[in-house]
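Inside the fold
Listed here are the chains, written in short residue letters.
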Amino acid sequence: MQNPNLHRFALLLAACTLFLVVAGAMVVSLEAGLSVPDWPLSYGKVMPPMEGGVFFEHGHRMVATLVGILTIAAAVWLQLTTVPQWLKRLGWAALGLVVLQGLFGGLTVLYLLPKAVSIAHASMAQIFFTVTVLLALFTSRAWTGDGPSFVDEGWPSMRSRAIVAPLATLAQIALGAAFRHKAIGILPHILGALIVSLILVYFCIIVMTQYGGSKVLSRAALALAWVTAAQVALGIGAYVTRLSFTGATPANVMVAFTVAHVATGALTLGLTAVLSVLSLRFVRLEIPAASPTANAPKVARA
């Protein structure tokens, strides 16, 4: 049974987490990652003067603290509510992820932005956001209500698509993080964007054409298609503005495109996970009909 208040709280957690992703992207784009040299305090204080890069770096930490508190509340609320055991475990998993994410954030400061840790920190932020989106889905009427079931008759199977699509999207996000933290060049990210965009568009088309009888599936597919298109457009905009910019200080337009690209990337991964999970729920493998004599009792011969 759906709990509307729990669902609204899960939506709030997801929205705040998306804002946290935006705040983190601002820190990287403005190169403010080492504006505060210590952790967990900032210049030895809980609230340092919010000036220059400190505003963005410490502001990012403040948003992260808020998200951490909301995640604790969500995990505890799930334990006190009548929900499936796997959903309660997902609440604890979300809490573990946000703690681990905070530790990675601290390591990026203490070890002066090591590339591997920074990439892991950026990628895990997207994973955590996706988990919050799934919490919102699993507490919604779209998940708890009844819906039409479909038989998976295509090839490759819907189950295969539902697994490949989010994994490919996550890999592309990791490539983007590697590029932003100067671990790789732009070419792998561009090639990855082309491949992943084709995978997601194909996924959406299959869902809308074969399973359009489900409003939940078709709406999720349409939303993912639009967000994917926006993500590609923002990626082009971020790349073009980066090429045309030669100053020492990041330009506002380039920063805006880049931050929007990162945020939309999080939405892309979240919606891909939603569509995949819904597909696994409503599109099932066909079960062969049992033979009429398969379960017939054996008659002993004299």
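Okay, the overall build of the protein next. Of regular secondary structure, the protein possesses nine helices and two strands. The secondary structure elements of the protein, listed N-terminal to C-terminal, are α-α-α-α-α-β-α-α-α-α-β. Each of the three principal axes of the protein carries a C-alpha extent, and together these read 95 × 45 × 35 Å. Looking at the protein residue by residue over its 302 residues, the buried ones come to 45%. Here the protein displays about 16,200 Å² of accessible surface, and carbon together with sulfur accounts for 71% of that area. Averaging the coordinates of the 18 positive side-chain charges in the protein and doing the same for the 8 negative ones gives two points 8 Å apart.

In total, this model carries one salt bridge according to the counting rule given. Among the salt bridges present, the one from Glu-57 reaches Arg-61, with a minimum N-O distance of 3.2 Å. Note that Glu-57 and Arg-61 are positioned in helix 2 (residues 53–79) at a spacing of four residues, about one turn of the helix. Judged on exposure class, the residue Glu-57 and its partner Arg-61 are both buried.

Viewed as axis vectors pointing N to C, helix 1 (residues 4–29) and helix 9 (residues 252–282) meet at an angle of 145 degrees, and their least axial separation amounts to 9 Å. Read as a crossing pair, helix 1 and helix 9 show a hand that is right-handed. Contacts between helix 1 and helix 9 involve Leu-18, Val-21, Val-22, Ala-25, Met-26 and Ser-29 from the first element and Val-255, Thr-258, Val-259, Val-262, Ala-263, Ala-266 and Leu-267 from the second. Taken together, the residues that form the contact of helix 1 with helix 9 break down as 11 nonpolar, two polar and no charged.

Right, let's talk about the packing of helix 1 against helix 4 (residues 115–138) for a bit. Orientation of helix 1 relative to helix 4, taken along the N-to-C sense of each, is 160 degrees, at an axis distance of 8 Å. Taken together, helix 1 and helix 4 sit at an angle that is classed as roughly antiparallel. Seen along the crossing, helix 1 lies across helix 4 with a hand that is left-handed. Across the interface between the two elements, His-7, Ala-10, Leu-11, Leu-13, Ala-14, Thr-17, Leu-18 and Val-21 from helix 1 touch Ala-125, Gln-126, Phe-128, Phe-129, Thr-132, Val-133, Leu-135 and Ala-136 from helix 4. Taken together, the residues of the contact of helix 1 with helix 4 break down into 12 nonpolar, four polar and no charged.

Right, let's get into the nonpolar core. With 55 residues, the main nonpolar core has Val-67, Leu-137, Phe-138, Leu-217, Leu-275 and Leu-278 as its most contacted residues. Only helix 1, helix 2, helix 3 (85–110), helix 4, helix 6 (158–180), helix 7 (187–210), helix 8 (215–243) and helix 9 provide two or more residues apiece to this core. Looking at this core, the element that brings in the most residues is helix 9, giving 10 residues. Sequence-distant contacts of Leu-278, that is, excluding residues within four places in its chain, are made with Leu-137, Trp-143, Val-216, Leu-217, Ala-220 and Val-283.

For the rest of this paragraph, the subject is unusual backbone geometry. In this structure, the amide linkage connecting Trp-39 to the following residue, Pro-40, adopts the cis form with an omega of 10 degrees. Within the element layout of this structure, Pro-40 appears in the loop between helix 1 and helix 2. In this structure, Leu-112 takes a positive phi of about 60 degrees despite not being glycine. Locating Leu-112 in the fold gives a position in the loop between helix 3 and helix 4.

Of all residues in the protein, 92% have pLDDT values of 70 or greater, and the mean over the chain is 89. Contacts from residues 291–302, a stretch scored under 50 in pLDDT, to residues over four places away or in other chains number zero contacts.

Rules of the game
Residues numbered from 1 in each chain as written. Predicted model: local features only at pLDDT ≥ 70, side-chain atom pairs only at ≥ 80, totals over all residues. Heavy atoms only, no water. Helix = DSSP H or I, 4+ residues; strand = E, 2+ residues; numbered from the N terminus. Buried < 20%, exposed > 50% of the residue type's maximum accessible area, 1.4 Å probe, protein only. Areas by Shrake-Rupley, 256 points an atom, 1.4 Å probe, with all protein chains shown as cover. Lys, Arg positive; Asp, Glu negative; His and termini not counted. Charge placed at Lys NZ, Arg CZ, Asp CG, Glu CD. Salt bridge = Lys/Arg side-chain N within 4 Å of Asp/Glu carboxyl O. Axes fitted to C-alpha atoms, helices over the stretch in contact; angles between N-to-C directions. Left-handed = near helix turned anticlockwise from the far one by under 90°. Contact = heavy atoms within 4.5 Å. Nonpolar A, V, L, I, M, F, W, Y, C, P; charged D, E, K, R; others polar. Parallel < 35°, antiparallel > 145°, perpendicular 65-115°, else oblique. Core = buried A, V, L, I, M, F, W, Y, C linked by side-chain atoms within 4.5 Å. pLDDT = per-residue confidence, 0-100.

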